[in-house]
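Structural description and commentary
As a plain string of letters, each chain reads:
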Amino acid sequence: MLDLKYVLSNLEEIGKNCANRRARCDLAALGALASKRSMLIAKSDELRRRQKEVGKSGGPAIPEERKAMLKEEGRRLRDELASAAAELESVESSLFGMLRTIPNLTHPAAPVGGSEEDNRVVRQSGNPPRFSFKPRDHVEIGTMLDIIDFDSGTRVSGKNFYFLKNQGVILELALVRFALDALSSEGFELCSTPDLAKDEILDGIGFSPRGPETQVFSVEGMGLSLIGTAEITLGGMLSDRILQKLPVKLGGLSHCFRTEAGAYGKASKGLYRVHQFTKVEMFVYASPEQSDSILEDLVAIEERIFGSLEIPYRIVDCCTAELGGPAYRKYDMEAWMPGRGSEGEWGEVTSASNCTNYQARRLKIRFKDPGDKGTRFVHTLNGTAVAVSRAIIAVLENHQREDGSVSIPAALRPYTGFDSIPHR
RNA sequence: GGAGAGGUGGCAGAGUGGCCGAUUGCGGCGGCUUGCUAAGCCGUUGUAGGCCUUACCGGCUUACCCUGGGUUCGAAUCCCAGCCUCUCCGCCA
């Protein structure tokens, strides 16, 4: 959420930003609600002030007659206050509801554009591998090697669920451990997080837990939802706190659950778009001065991880329309997936965002600036270290051999304990 | 799951209907004292919203004593519900 005062005093900038981001907002209505809110607060404050005054002039030993008058006056104030408070509540709920739909400001260097084609490719590492045979996709490989079982997943849990089996299980754990070790050596504090979180936390991070196009599964009657990413739990971890030392770097392991509502029609074979996967996530609380450069650091870590896995990738600077609500700037990493499309395609495997103070404002995460009295909101950043399901696609498809077996990249072998997955 | 105790400012800990945004101690900050240190003395010290003023400083006001309701002219204080913590018992991966 943006700062209300900032929005009100920079209407033109906000309007332009909303347009760039393809977000709808009615700033005139917002302004009208905001002045109504100020008026109602002033009114309630004044009523409460008089109420206090009346209360104080009470006391135990005053004449009955005067007491009766005070009671009368007090009751009147109470009723007036109740109606003002009710009106204020309704005004605030529409005002803040509206404010929450306004997306974050945008980094001046982020490309302006309305669709994926407007994302800017920043750099590429490696080239798509050349196979002397027709490469298989991961669904075929996974089934052949008996390491992924989609049919059982569908029977037990429904479409877009899966079982990992045999070396597939070990591969998942190896990727997780590999990523955790990488983060640990980068100074991240490791966490394994809850897989469910309170709806208010989801909301603060910018996920809407309810509603028709929600991306998250909710637990009936509990006020809890299955998390779509550990960004939610890691960001919630320090909510309502005043931090002393920045940056705070957390590396979180969790399962991620997504409904993928509205994702019909997009290329989504096999593991690419599933309802549940395991992910190691980076989350950083930083000062406003640090956040730009930390975003670059996060991307560099992602690149080292995929570089070590010997997977060709490219980094894209996401355009305004693709940023989502909270991100100020976002870099996606796309890995080459030889089995995707007819001749292979780039597919998103990680994503790193700087959300500036957009999430921190709602989650009330501040820090003390030693130079300054008072507190300021921190900046939050997040980035994927390894999203296991998509990493498995990239590993299997890039390292496949003609007979269907898969060679394990050297960096991963200490974690798997085997150097290839043979065809059975 | 059952029984008890409790949740107050950075921390400790008073406060059982109006004099309480809250005694006091510690800590923090500023100053005095001091050859240095220790000690002592004086002062100061929460967060957020609204209005006004504004280059800056600031002024007025409201809210916040776990959360949400209620009683009352008036609630940290009384009542109800919930959450959390601690102790004991039971159950369990």
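Here the structure is a predicted model, which means the values were calculated and not measured. (Residues numbered from 1 in each chain as written. Chains lettered and ligands numbered in written order. Predicted model: local features only at pLDDT ≥ 70, side-chain atom pairs only at ≥ 80, totals over all residues. Heavy atoms only, no water.)

1. Here's the deal with the side chain of Asp149
Looking at where Asp149 falls in the secondary structure, it is placed in strand β2 (residues 148-149). Although Asp149 is buried, it makes no salt bridge; Lys165 carries the closest opposite charge, 4.4 Å away. A distance of 2.5 Å separates polar atoms of two side chains, one belonging to Asp149 and the other to Ser152. Each residue touching Asp149, except ones within four places of it in the same chain, is listed here: Tyr162, Phe163 and Lys165. (Helix = DSSP H or I, 4+ residues; strand = E, 2+ residues; numbered from the N terminus. Buried < 20%, exposed > 50% of the residue type's maximum accessible area, 1.4 Å probe, protein only. Lys, Arg positive; Asp, Glu negative; His and termini not counted. Salt bridge = Lys/Arg side-chain N within 4 Å of Asp/Glu carboxyl O. Polar contact = N/O pair within 3.5 Å; in protein donor to acceptor, adjacent residues only side chain to side chain. Contact = heavy atoms within 4.5 Å.)

2. Some words on a negative patch on the surface
On the surface, Glu116, Glu117, Asp118 and Glu322 cluster together into a negatively charged patch. The topology assignment puts Glu322 in the loop between β11 (313-317) and β12 (329-337). (Patch = residues over 30% accessible without salt bridge, like charges linked within 9 Å, V, L, I, M, F, W, Y side chains within 5 Å. Areas by Shrake-Rupley, 256 points an atom, 1.4 Å probe, with all protein chains shown as cover. Charge placed at Lys NZ, Arg CZ, Asp CG, Glu CD.)

3. A word on the side chain of Glu281
Counting through the fold element by element, Glu281 comes out in strand β10 (residues 276-286). Of the residues examined, Glu281 reaches a relative accessible area of 2% and is grouped as buried. Within the structure, Glu281 has its side chain in polar contact with the side chain of Lys279 (distance 2.7 Å). Residue contacts for Glu281: discarding those within four places in its chain leaves Leu183, Thr229, Ala230, Glu231, Leu234, Leu250, Gly251, Gly252, Asn382, Gly383, Thr384 and Ala385.

4. Thoughts on the protein's contact with RNA strand B
In the vicinity of RNA strand B, 16 residues are found, and the nearest of them are Ser38, Asp45, Gly55, Arg75 and Arg78. Take the atoms of RNA strand B that sit within 4 Å of the protein: sugar and phosphate atoms are 78% of them. The side chain of Arg48 places a nitrogen or oxygen atom 3.2 Å from a sugar or linking oxygen of RNA strand B. Within the side chain of Arg78, one N or O atom sits 2.9 Å away from a phosphate oxygen of RNA strand B. Among the elements of the structure, α3 (27-56) and α4 (64-100) are those that each provide at least two residues to the surface near RNA strand B. Broken down by element, the surface near RNA strand B gets its largest block of residues, eight residues, from α3. For the surface near RNA strand B, a count of residues per class yields one nonpolar, five polar and 10 charged. (Near = heavy atom within 4 Å. Nonpolar A, V, L, I, M, F, W, Y, C, P; charged D, E, K, R; others polar.)

5. Focus on the packing of aromatic side chains
Scanning all chains against the criterion turns up four aromatic pairs. With a centroid separation of 5.2 Å and an interplanar angle of 75 degrees, the aromatic rings of Trp336 and Trp346 are classed as edge-to-face. Of the two residues, Trp336 sits in strand β12 while Trp346 sits in strand β13 (residues 345-354), which places them 10 residues apart along the sequence. On the accessibility criterion, Trp336 (11% relative accessible area) is buried. We classify Trp346 as buried; its relative accessible area is 17%. Residue placement shows Arg340 over the ring face of Tyr272; its charged tip is 4.0 Å from the ring centre. A cation over a ring is seen here: Arg390 above Tyr272, with NZ or CZ 3.7 Å from the ring centre. (Phe/Tyr/Trp six-rings, centres within 6.5 Å; stacked < 30°, edge-to-face > 60°. Lys NZ or Arg CZ within 6 Å of the ring centre and 35° of its normal.)

6. Section: the sheet that holds strand β15 (residues 375-377)
Working definition: the strands of a sheet are paired by backbone hydrogen bonds and lie parallel or antiparallel to each other. Sheet architecture is open: three strands sit in the order β8-β14-β15, paired in mixed fashion. Each of the sheet's edge strands pairs with one partner strand only, and the pair in question is β8 (242-243) and β15. In this structure, β8 lies alongside strand β14 (residues 366-368), joined through two bridges in parallel fashion. Among the inter-strand pairings, Ile242 is bridged to a residue of β14, identified as Arg366. (Pairing = 2+ DSSP bridges.)

7. Let's talk about the packing of helix α7 (residues 167-185) against helix α12 (residues 388-398)
Running from N to C, α7 and α12 point in directions that differ by 110 degrees, and their axes come no closer than 10 Å. What the angle tells us is that α7 and α12 run roughly perpendicular. Here Leu171, Glu172, Leu175 and Val176 of α7 come into contact with α12, specifically with Val388, Ala391, Ile392 and Leu396. Class assignment for the residues of the contact of α7 with α12 results in seven nonpolar, no polar and one charged. (Axes fitted to C-alpha atoms, helices over the stretch in contact; angles between N-to-C directions. Parallel < 35°, antiparallel > 145°, perpendicular 65-115°, else oblique.)

8. What to know about a nonpolar patch on the surface
Where nonpolar side chains cluster on the molecular surface, the patch consists of Val169, Ile170 and Leu173 and spans about 230 Å² of accessible area. Looking at the element boundaries, Ile170 is found in helix α7. Looking at Ile170, the relative accessible area reads 33%, which means it is partly exposed.

9. Section: the pattern of salt bridges
In the structure shown here, the tally under the stated rule is 22 salt bridges. The closest approach of N and O atoms between Arg76 and Glu80, which form a salt bridge, is 3.2 Å. Taken as a pair, Arg76 and Glu80 lie in helix α4 at a separation of four residues, close to a single helical turn. Given the relative accessible area of 39%, Arg76 is considered partly exposed. In this structure, Asp137 and Lys269 form a salt bridge, with 2.8 Å as the shortest nitrogen-oxygen distance. Pair noted here: Asp137 is in the loop between β1 (120-125) and α5 (138-144) and Lys269 is in the loop between β9 (248-257) and β10, with a separation of 132 residues, a long-range link. Residue classification places Asp137 among the buried residues on the basis of a relative accessible area of 13%. Using a relative accessible area of 53% as the deciding quantity, one classes Lys269 as exposed. It is possible to trace a salt-bridge network through shared partners that takes in Arg50, Glu73, Arg76 and Glu80.

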